[in-house]
Every structure is written in C-alpha cells, then in structure tokens.
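Chain residues, written in single-letter form:
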Amino acid sequence: IYSCCYLSRRLNQLSSHDPLWKRHCKKYWLISEEEKSQRNQSWKAIFISTYSDLGRYIRYYATLKKAWDDLEKYLGQRCPRMIGSLKESVREEDLDAVEAQIGCKLPDDYRCSFRIHNGQKLVVPGLMGSMALSNHYRSEDLLDIDTAAGGFQQRLGLKQCLPLTFCIHTGLSQYMALESVEGRNKYEIFYQCPDQMARNPSAIDMFITGTSYLEWFTSYVNKVVTGGYPIIRDQIFRYVHDKECVATTGDITVSVSTSFLPELSSVHPPHYFFTYRIRIEMSKDALPEKACQLDSRYWRITNAKGDVEEVQGPGVVGEFPIISPGRVYEYTSCTTFSTTSGYMEGYYTFHCLYYKDKFFNVTIPRFHMVCPTFKVSTARMETNHNEYAVDEDEDSTDTDEYEDRRRVLDIPAPSGRCPRHT
C-alpha cells in the first residue's frame, strides 16, 4: 500500500487512512491501543517505523511475540524468579556479527525470537524445562546468542550445528542444524546421541525435537502455558500427561505422566530410558474410615515385541504412603526398554486403617512410552559393517526393529540408583 500510494491521488488518500494501518499494526506487530497512545504516533507512522526495524521478520514476529508474551505472563504467576533470568533483546548488528563469526546464516525465525529476548542467563532452573529422578537432575537453559555462537560446532558428526539449550549439570544440549549436512535437514533440532557401538567418534545419532525454531519454540511454550507440563517447586517439568491415562478404584484415582530422557538413552545399542510420575489421590468426599495405607505394587511391563516382565514388591520408592480423603501422594520412578516403545500397567495393594484385615487392589492405568523420532548417523551408514560390534538394520529410524540386546550403556551413570518399577 505504501509503495502504491505514489501511483495516484486516490491511492495516496487510501494509504493515509489510519484505521487501515491500525489493522496491520495489530496483526503483524501486536501493537495495542495503550502502546499506540504512549508512542503518540499515527498507526501509519508506527507501522512504517516498526517495519523499518523488523520488516524481514513480518512472517514470524506476531507468532513469536505472542508466544513470549504468553510465557512471561504464565511464568510471572507461577515461576516468578525465572522471569529475572531472561535477557533483553539483541540488535540486528549483533546477529549479523554472529553470522560473520560462525560463517553461517541464522534462520529468520531464530533471529526474530532473539530480537524479542536474548535467551536467558546460565542459571537454574532453566527456561526449557527440568527433570529430576533419584540423583539425576537436568535443567535446560535457552542460550543467549553469544554463548550459542561460542558452542557452534564444526567437528565431524555435528558440523554446522548451533546449540540452542544447555544443562550445566549434564552438559546436554539441543542443537539446530544450520545446513543440510551429515544426514540432517536444514534447521532441524535434535539431541545428540553418540553411537556407543561405533569405533568412529563422529558417529552421532540424533533424537529429533523440532523441524524449525518457530515450531520447536512455540510448541514448547504452548505445552507450558496450557498446563501440559506441571510446575513443581518453581520449575517447569517436562512430563506429558495423557488425559485418558487415569483409573479410579472406589474413592482412589491413579493418574500417570511420562517423559523420555535422551541423556540416558542410546540408539546403538538400543536402550530407551523413560521416567514416569504417578499421582494417587483419594476423593475429598470419601468417608474418613476409607483412609488406607499402600502395602505393595505389581507391574506388568510389555515391550514393542510383546515380551512381558512382571515386577512385584513392597511399597513405592521405599515408602508406604497413607491416603486419606482429599490427600494426594505423588512419586517418580523409571523404566528402560530395548525397543523404542512399550507400556506398563498394574495395581497397588492397600489395607484399611480402620479395618486392618481388609485389603484391596487399586488399578494403575496402562500408560505407553514412545521414543521420539531419531536418525542414525551417516558415519554408521557409510562405514563398513565390520567396524561395529553388532550388525543391525542401518536405515531404521522408526521404532521396533532392533533385537533385544541387554548391554550396559557406555555413558556416565547418574550417582545413586534409579528406583526402577517402583
């Protein structure tokens, strides 16, 4: 419209119609009436000045700005100390300088996000979610542009990959591929996973977490602000809850949420590590004499090949919780599969506190665990099979085609023992 206004008097008059620019300011730049009055400019002037600064991001700005605004509002109410870790925006020249430093172009959606917030300080808790299990802890920060540039990779296996996140406890990062090399798609986002069975150190498999920065960031924010991820002790925990994964027995309801841990998993050998969080709650309307204590647990664990393992034992995580009307008990445990998916189900045995000789079982609903999409390293596919300890189907990135090989991962184990199947 602005360019066309020079063609005729009528178009010139149309281009000066301020309500027309108001619509564009709201749609593309999310300018509010309050902000407009503070700036004391016409809608047209605001649009033109904003476009001169952010015009290259017009496809992404509104979506990313809304995601950041929603996230800040949500965290301000539930995780206020995390707000203080966010950094102010960077300038165009700062992003240009980083591109010159690393010798690669940054995608416009990534640049746009950093024009709004320059990631966060290296603090705990991290903006991109936490996970705690036994003595294993992970919390991922969203890296600022300078720190990300300092971690830019050119080594084989991670060529032209930029870290987006970092955990100061585990060293874990999510990377974005800035070029289509080594089997990655341009702008794909992933966790690296060293091939434990290869002699070639550049053999790095990948757990895929996003296809672009815009999709990766906005889908994460949506999970957070809609309550898809629980807030525990002022931190975002990346547990996924299936709303159908709930079972009620009498007055007691059991629900389950799960999470995949890439830092404790491996594609070669196939070893997929999951953690689950269980919530046991008695209805607040239950009679007082319904109070009871958990005695034991029974698990039936089935992998993708149909192999079944049964586990039975006293209590849960070394405890024998008492459940009474309105009370909630939650705990976290874990399991591993040699296939990329599997499920668990079972029951708890309780005894009544008022009638100590009365025992009953409470159903644990079936819950499924599925490894995210992964890609096998090009080094593995290109190298002679003899260099690997086991001959496998190299092209499978999907799921359940690996044989069950009970091997120990050659990665640092977290201190302490993981209370599996508790």
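Read on for a plain summary of the structure. Predicted model only: the values in this text are computed from it and were never measured.

## Here we look at the nonpolar core
- Core analysis: the largest hydrophobic core is formed by 51 residues, its most contacted members being Leu106, Tyr110, Leu127, Tyr213 and Phe217.
- Among the secondary structure elements, those contributing two or more residues to this core are helix 2 (18–29), helix 4 (43–54), helix 5 (61–78), helix 7 (92–102), helix 8 (108–116), helix 9 (145–150) and helix 10 (213–225).
- The element that contributes the greatest number of residues to this core is helix 5, accounting for seven residues.
- Both of domain 1 (9–50) and domain 2 (60–224) provide at least three residues apiece to this core.
- Contact partners of phenylalanine 217, with chain neighbours within four places excluded, come to Leu64, Ala67, Trp68, Leu71 and Leu142.
- One finds Leu172, Phe207, Phe350 and Ile364 within the second-largest nonpolar core, a separate group that totals 38 residues.

## A word on helix 10
- Its 13 residues place the ends of helix 10 18 Å apart at the C-alpha level, agreeing with the 18 Å of an ideal helix rising 1.5 Å per residue.
- Considered for burial, the residues of helix 10 that qualify are Tyr213, Trp216, Phe217, Tyr220, Val221 and Val224. Seen end-on, helix 10 carries its buried residues on one side only, within an arc spanning 115°.
- Two residues or fewer past helix 10, glycine 227 is found with a positive phi of approximately 80°.

## Side note on the packing of aromatic side chains
- Tallied over the entire structure, the rule returns 23 aromatic pairs.
- Ring plane angle 40° and centroid distance 5.8 Å describe the contact between tyrosine 220 and tyrosine 229, whose orientation is recorded as tilted.
- On the numbers, 6.0 Å between centres and 70° between planes, the contact of phenylalanine 274 with phenylalanine 337 is edge-to-face. Residue phenylalanine 274 is found in strand 13 (residues 272–282), and its partner phenylalanine 337 is found in strand 17 (residues 328–337); the two are separated by 63 residues along the sequence.
- Residue phenylalanine 274 is classed as buried on the basis of its relative accessible area of 2%.
- Aromatic rings pair up to connect Trp68, Tyr110, Phe114, Tyr213, Trp216 and Phe217 into one cluster.

## What about unusual backbone geometry?
- Of the consecutive residues valine 124 and proline 125, the connecting peptide bond is found in the cis state with omega at 10°.
- By secondary structure assignment, the location of proline 125 is in the loop between helix 8 and strand 1 (130–133).
- Residue proline 269 is bonded to the preceding histidine 268 through a cis peptide linkage, with omega at 0°.
- Its place among the elements puts proline 269 in the loop between strand 12 (252–260) and strand 13.
- Of note in this structure, leucine 30 is not a glycine but carries a positive phi near 55°.
- For leucine 30, the position within the fold is in the loop between helix 2 and helix 3 (33–39).

## Quick notes on the packing of helix 7 against helix 8
- Packing of helix 7 against helix 8 brings their axes to within 10 Å, and their N-to-C directions diverge by 135°. Of the possible angle classes, the one that applies to helix 7 and helix 8 is oblique. Regarding helix 7 and helix 8, the two cross each other, and that crossing is right-handed. Two secondary-structure elements touch here, helix 7 through Glu92, Leu95, Asp96 and Glu99 and helix 8 through Arg111, Phe114 and Arg115.

## A look at helix 4
- Compared with an ideal rise of 1.5 Å per residue, which puts 12 residues at 16 Å, helix 4 spans 16 Å between its outermost C-alpha atoms and is within 8% of the ideal.
- Along helix 4, the residues that are buried comprise Trp43, Lys44, Ile46, Phe47, Thr50 and Leu54. Taken down its axis, helix 4 places every buried residue within 160° of arc, on the same side.

## Quick look at the sheet that holds strand 13
- Pairing within the open sheet is antiparallel, and its four strands lie in the order 11-12-13-17. Edge positions in the sheet fall to strand 11 (240–249) and strand 17, since each has one partner strand and no second. Averaged over all neighbouring strand pairs, the angle between strand axes comes to 20°, with direction disregarded.
- Where strand 13 meets strand 17, 10 bridges bridge the pair, whose relative direction is antiparallel. Bridging across to strand 17, threonine 275 finds its partner in cysteine 334.

What counts and what doesn't
- Residues numbered from 1 in each chain as written.
- Predicted model: local features only at pLDDT ≥ 70, side-chain atom pairs only at ≥ 80, totals over all residues.
- Heavy atoms only, no water.
- Core = buried A, V, L, I, M, F, W, Y, C linked by side-chain atoms within 4.5 Å.
- Buried < 20%, exposed > 50% of the residue type's maximum accessible area, 1.4 Å probe, protein only.
- Helix = DSSP H or I, 4+ residues; strand = E, 2+ residues; numbered from the N terminus.
- Domains from an automatic or database assignment.
- Contact = heavy atoms within 4.5 Å.
- Expected span 1.5 Å × (residues − 1).
- Arc of directions from axis to C-beta.
- Phe/Tyr/Trp six-rings, centres within 6.5 Å; stacked < 30°, edge-to-face > 60°.
- Axes fitted to C-alpha atoms, helices over the stretch in contact; angles between N-to-C directions.
- Parallel < 35°, antiparallel > 145°, perpendicular 65-115°, else oblique.
- Left-handed = near helix turned anticlockwise from the far one by under 90°.
- Pairing = 2+ DSSP bridges.

That's the geometry; what it means functionally is another story.
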